[in-house]
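# Remarks on the overall topology
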Amino acid sequence: MKQLRFYTQQVVWQEVPNETSLAFLITGCPLGCKGCHSAESWKVGSGQILSEIYLAEQLKKYRHLISCVLFMGGEWHLEQLLARLKQVREAGLKTCLYTGLEMHELDLRIISELTYLKTGRWIAELGGLNSPNTNQRFIDLRTQENLNHLFIRAD
């Protein structure tokens, strides 16, 4: 069985609006979007294993500091991602998945474990969540509300 692995781990404030998130950039992404800012995540088998024990240690370490755990990818390791999402929810935290897929392409079991979901492949000419022309969507799955407007700065 292939393991869920990550390239980087960091605490982030902008990726999930109004949440302080522990983010894992999962490796092995099969999409290969042109211009991807995380191309280092494409290599299968690279990075550190995101085991149940490791995640538990990180959740303990960041307890009272984070409100959400963000998985940047990982849907291609369905069972392992589901197990980590359930673990996060059991710890009382919100969950988020950044995927290049559309919602209808995801396994419903993943969606049922998420609080937030970012969908849509990276298309450089359309921009990311901070672009009014983006194809990507950031959804609060509790309300089905599109939160893209929270990423667009009104300078």
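The name recorded for the chain in an unreviewed UniProt entry is Anaerobic ribonucleoside-triphosphate reductase activating protein, from Haemophilus sputorum.

## A closer look at unusual backbone geometry
For residues that are not glycine, phi is negative in most cases, and the peptide bond is trans in most cases. A positive phi is found at His64, a non-glycine position, where the angle reads about 70°. Along the chain, His64 turns up in the loop between helix H1 (52-61) and strand S4 (68-72). Using a relative accessible area of 72% as the deciding quantity, one classes His64 as exposed. A positive phi is found at Gln144, a non-glycine position, where the angle reads about 65°. Residue class for Gln144 comes out exposed when judged on its relative accessible area of 52%.

## Focus: the packing of H1 against helix H2 (residues 78-90)
Where H1 meets H2, the closest approach of the two axes is 11 Å, and the angle between their N-to-C directions is 30°. What the angle tells us is that H1 and H2 run roughly parallel. At the point where H1 passes H2, the crossing takes the right-handed sense. Note on element contacts: H2 touches H1 through Arg84, Gln87 and Val88, opposite Glu52, Leu55, Ala56 and Leu59. Looking at the contact of H1 with H2 residue by residue, the class counts come to four nonpolar, one polar and two charged.

Rules behind the numbers
- Residues numbered from 1 in each chain as written.
- Predicted model: local features only at pLDDT ≥ 70, side-chain atom pairs only at ≥ 80, totals over all residues.
- Heavy atoms only, no water.
- Helix = DSSP H or I, 4+ residues; strand = E, 2+ residues; numbered from the N terminus.
- Buried < 20%, exposed > 50% of the residue type's maximum accessible area, 1.4 Å probe, protein only.
- Axes fitted to C-alpha atoms, helices over the stretch in contact; angles between N-to-C directions.
- Parallel < 35°, antiparallel > 145°, perpendicular 65-115°, else oblique.
- Left-handed = near helix turned anticlockwise from the far one by under 90°.
- Contact = heavy atoms within 4.5 Å.
- Nonpolar A, V, L, I, M, F, W, Y, C, P; charged D, E, K, R; others polar.

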